[in-house]
Amino acid sequence: MTSRADLTWLSPTPERANAHPGETPQLRIGIPHTGGALCQAAWNSGLPVMVSASAFWDRRALRFRTDGHFSALQDCDFALDSAGFTAMLNWKRLGRQPGMLGVFPWSLADYVNLIGVLRPAWASQPDMCVEPEIANDDEVRRYRIEATAAMLDAHLTLVARWQDLGAFWLAPPVPVLQGWYPDDYVRSLDLMQEVWARHDDRFDAPALIGIGSMCRRSLRDREVGIMSVLDQILPRLPSRAVVHLFGVKGAAMAELADIPEVASFDSMAWDFSARVAARNAGGSCSMAHRIRVMRDWYEKQRPARAADHVIPMCA
């Protein structure tokens, strides 16, 4: 009779890397849907995609919808965002939520299960954003930065346990640094590295690290500009690590693309542009209009350093 030990060689090796960044900077198009025409159009044109976990959340059933048809999205090169900003903006104002830290409506296990079902290129850890409208003093900001590190620890622990139970395809998450001032991000990076070190026997050092709360920032503001943050963070990154910037303005992308440590950024600015253009033209913001604006916006904004990888549209 064959023993369990004799079958060990048949078991796949659990995933150790949190991401496999490419050689050129990527602009990921934010898509507010879990499938359908927008995802199909993105796939047809070879556009990398970012989708929020909130898009999958069924508010009535209080669960993620993982039994639908997401083939168009899953065919794309897509990443999954944990929806930290949405959690604070939309759900926390409704009162204490039943999930993580009373902020998210879902549990960590719910979120990790969603990742396991969808199998994105990478998924970010749950995080606590610190935009001024949400965290307007030092104490709140410090708490949210420390809570982000604690959720990373819990996420890594849960992935390790589920890998042991056979979910070998589950990868460790992309950690997210939070802050508003450069010193905040340095503190967040220090905490992230302390947490990751507790799991370094199980997972490789993070290849990709997210930098959160980038939305609506100017590039060169001396106090809180993107470059001021990067000047403090990039020299302190783990060896060979690169960063993803969440929600960067289109105007900043060309210059950021020339920084070797910047692997990618995402934006949904195209969808806002589509609505404004439709309103100004007195027409409807139809799906065909949104698809056209999405493609045109991507071609104008995609990083100059990136190779021309757009796939011709399918007939």
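Basis of the calculations
- Sequence order as written defines residue numbering, which begins from 1 separately in each chain.
- Two thresholds apply to this predicted model, a pLDDT of at least 70 for residue-level local features and 80 or more for giving and counting side-chain atom pairs, whereas whole-chain, interface and lining totals are computed over all residues.
- Neither water nor hydrogens contribute to the side-chain values; these are computed over all heavy atoms in the structure.
- Counting from the N terminus, the helices are DSSP H or I runs at least four residues long and the strands are E runs at least two residues long.
- Expected span of a helix: the number of residues minus one, times 1.5 Å.
- The classification of residues rests on relative accessible area computed with a 1.4 Å probe and restricted to protein chains. Under 20% of the type maximum is buried, over 50% is exposed, and intermediate values are partly exposed.
- Note that the arc is defined by the directions from the helix axis to the C-beta atoms.
- Pairs of residues are marked as contacts when any of their non-hydrogen atoms sit within 4.5 Å.
- What qualifies as a polar contact is a pair of N or O atoms within 3.5 Å, subject to a donor-acceptor requirement within protein and to the restriction that residues adjacent in sequence count only when both atoms come from side chains.
- Pairing between two strands requires that DSSP report at least two bridges joining them.
- Between N-to-C directions, angles cover 0 to 180 degrees, with each direction set by a line fitted to C-alpha atoms, over the stretch in contact for helices.
- Each aromatic pair joins two rings of Phe, Tyr and Trp (for Trp, the six-membered one) with centres within 6.5 Å, and gets the label stacked for planes under 30 degrees apart, edge-to-face for over 60, and tilted for any other angle.
- Only lysine NZ and arginine CZ atoms are considered, and such an atom sits over a ring when it is within 6 Å of the ring centre and within 35 degrees of the ring normal.
- Roughly parallel covers angles under 35 degrees, roughly antiparallel covers those over 145, roughly perpendicular covers 65 to 115, and oblique covers all other angles.
- Throughout, a crossing is termed right-handed when the near helix is turned clockwise from the far one, and left-handed when it is turned anticlockwise from it by less than a right angle.
- As a working rule, the residues Ala, Val, Leu, Ile, Met, Phe, Trp, Tyr, Cys and Pro are called nonpolar, Asp, Glu, Lys and Arg charged, and the rest polar, with Gly in that last group.

S.K.: Teacher, can you tell me more about helix α9 (residues 269-281) here?
M.R.: Working note: α-helix, 3.6 residues per turn, so residues spaced by three or four point in the same direction. Over its 13 residues, α9 extends 18 Å from the first C-alpha to the last, a length consistent with the 18 Å expected when each residue adds 1.5 Å. Within the sequence span of α9, burial applies to W270, D271, A274 and A278. Taken down its axis, α9 places every buried residue within 100 degrees of arc, on the same side. Across from the buried face of α9, at angles greater than 90 degrees, the exposed residues are F272, R279 and N280. Against β1 (26-30), α1 (36-44), β10 (262-267) and α10 (287-301) lie the buried residues of α9.

S.K.: Explain the side chain of Q125 here, please?
M.R.: Mapped onto the fold, Q125 is located in the loop between β6 (122-123) and α5 (138-164). A polar contact is formed between the side chain of Q125 and the backbone nitrogen of V176, at a distance of 3.0 Å. Those residues in contact with Q125, other than ones at most four positions away along the chain, are S82, T148, M151, L152, H155, P173, V174, P175 and V176.

S.K.: How should the environment of T13 be read in this particular structure?
M.R.: Take T13: it is sitting in the segment before β1. A relative accessible area of 66% means that T13 is categorised as exposed. When the C-alpha atoms of T13 and W169 are compared, they prove to be 8.5 Å apart, with 156 residues separating the residues in sequence.

S.K.: Sorry, what's going on with the sheet that holds strand β5 (residues 78-81) here?
M.R.: The strands making up a sheet associate through backbone hydrogen bonding, with each pair oriented either parallel or antiparallel. The sheet built from eight strands is open, its strands ordered β6-β5-β2-β1-β10-β9-β8-β7 with parallel pairing. Edge strands, defined here as strands with exactly one partner in the open sheet, are β6 and β7 (176-177). Pairing of strand β2 (residues 49-52) with β5 involves four bridges; the strand directions are parallel. Residue pairing in the sheet places S52 in a bridge with D81 of β5. Across the sheet, α10 is in contact with β1 and β10; its angle to β1 comes to roughly 155 degrees.

S.K.: Is there a simple way to think about the packing of aromatic side chains in this case?
M.R.: Two aromatic rings are characterised by how far apart their centres lie and by the angle between their planes. In total, this model carries six aromatic pairs according to the counting rule given. Aromatic pair F64 and W106: ring centres 4.6 Å apart, planes at 45 degrees, arrangement tilted. Of the two residues, F64 is situated in strand β4 (residues 63-64) and W106 in the loop between α3 (84-91) and α4 (108-118); the sequence distance between them amounts to 42 residues. Within the aromatic cluster, the residues linked to one another by ring pairs are W57, F64, F104 and W106. The ring of W169 carries the charged tip of R119 above its face, separated from the ring centre by 4.3 Å. The ring of W180 carries R217 above its face, with NZ or CZ at 4.1 Å from the centroid.

S.K.: Can you walk me through the packing of α9 against α10 in this structure?
M.R.: When two helices pack together, their arrangement is given by the angle between their axes and by how far apart the axes lie. Two numbers describe how α9 lies on α10: the axes approach to 9 Å, and their chain directions differ by 125 degrees. In terms of axis orientation, α9 runs oblique to α10. Of the two possible hands of crossing, α9 and α10 adopt the one that is right-handed. Between α9 and α10, the contacting residues are A269, W270, D271, S273, A274, A277 and A278 on the first element and H289, R290, V293, M294 and W297 on the second. Its residues assigned to classes, the contact of α9 with α10 shows eight nonpolar, two polar and two charged.

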